[in-house]
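Chain by chain, the residues run as shown.
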Amino acid sequence: ATLAATLAAMAPCLRRTWVDPDPKRILSDVAFVNLCGFMFGYHVHEKAVLHFVVPMAFAAAASPSAAMEYAATSWPAYVSLLPLLFRPTERALKLTLVLAHCAAAAAVLPRGKRRRSGWSAAYVWALLAV
C-alpha cells in the first residue's frame, strides 16, 4: 500500500520530467520525489529529511519561489532532527541552532513576491501548535 501511495504521489513529477526534461528543475524534482518517499514511506528515520532538504537548499539559492518553499519546509525538518540530541545539556544548543538557521535563512535567501495562501498559513499555525 505504501509503495502504491508513494508512486502515485511521485507520478506527476516523474511524468513531467520524462515528457519535458529541464535541467533547471532537476533539484526541485529530486527534492519532490524524495519528499514523497519520506511522506508515504513505510519506515523512515529522522535523518531521512536530509534527502529532500539538501536539494531544496541548493535550489533555494537560484530561485525566489524555491527559496520560499525551502524556508517553509526546512525548519520543521530540522526540528524533527532535534530528538537525536537527547541529553538535557543539549537543549540550549538545539534551540540556538534552529533559531540561528531560521534567522540566517530569512536574511540570506531571496524573497519572492508570491502571496501566502490560506492553506500555507494554516500549515504554519498547525506546526507551531504541535
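Residues numbered from 1 in each chain as written. Predicted model: local features only at pLDDT ≥ 70, side-chain atom pairs only at ≥ 80, totals over all residues. Heavy atoms only, no water.

Another point: the overall build of the protein chain. Of regular secondary structure, the protein chain possesses six helices and zero strands. Moving toward the C terminus, one meets the helices and strands of the protein chain in the order α-α-α-α-α-α. Counting the 130 residues in the protein chain, one finds 24% classified as buried. If you take every contact in the protein chain between residues at least 6 apart in sequence, the share linking residues at least 24 apart comes to 59%. A total of about 9,300 Å² of accessible surface is found on the protein chain, and carbon and sulfur atoms cover 70% of it. (Helix = DSSP H or I, 4+ residues; strand = E, 2+ residues; numbered from the N terminus. Buried < 20%, exposed > 50% of the residue type's maximum accessible area, 1.4 Å probe, protein only. Contact = heavy atoms within 4.5 Å. Areas by Shrake-Rupley, 256 points an atom, 1.4 Å probe, with all protein chains shown as cover.)

The next subject is the packing of helix α4 (residues 64-81) against helix α5 (residues 91-108). It is the contact of α4 with α5, at a shortest axis distance of 10 Å, that shows an interaxial angle of 170 degrees. Regarding the angle of α4 to α5, the classification is roughly antiparallel. Along the contact surface, α4 presents Y70, S74, W75, Y78 and V79, while α5 presents V98, H101 and C102. Its residues assigned to classes, the contact of α4 with α5 shows six nonpolar, two polar and no charged. (Axes fitted to C-alpha atoms, helices over the stretch in contact; angles between N-to-C directions. Parallel < 35°, antiparallel > 145°, perpendicular 65-115°, else oblique. Nonpolar A, V, L, I, M, F, W, Y, C, P; charged D, E, K, R; others polar.)

With 18 residues, helix α1 (residues 2-19) should cover 26 Å at 1.5 Å per step; its first-to-last C-alpha distance of 26 Å lies within 8% of that length. A11 marks where α1 bends most, by close to 45 degrees; the proline P12 follows one to four residues later. Inspection of α1 places T6, A9, M10 and C13 among the buried residues, and these make up the whole buried set. Contacts made by the buried residues of α1 are with α2 (26-40). (Expected span 1.5 Å × (residues − 1). Bend = angle between axes of the 7 residues up to and from the residue.)

Here we come to a nonpolar patch on the surface. A cluster of nonpolar side chains, namely I26, L27, V30, L50, V54 and F58, defines an oily patch on the protein surface of about 500 Å² accessible area. Where the nonpolar patch is concerned, the elements lending two or more residues are α2 and α3 (50-60). Tracing the sequence through the fold places V30 in helix α2. (Patch = residues over 30% accessible without salt bridge, like charges linked within 9 Å, V, L, I, M, F, W, Y side chains within 5 Å. Salt bridge = Lys/Arg side-chain N within 4 Å of Asp/Glu carboxyl O.)

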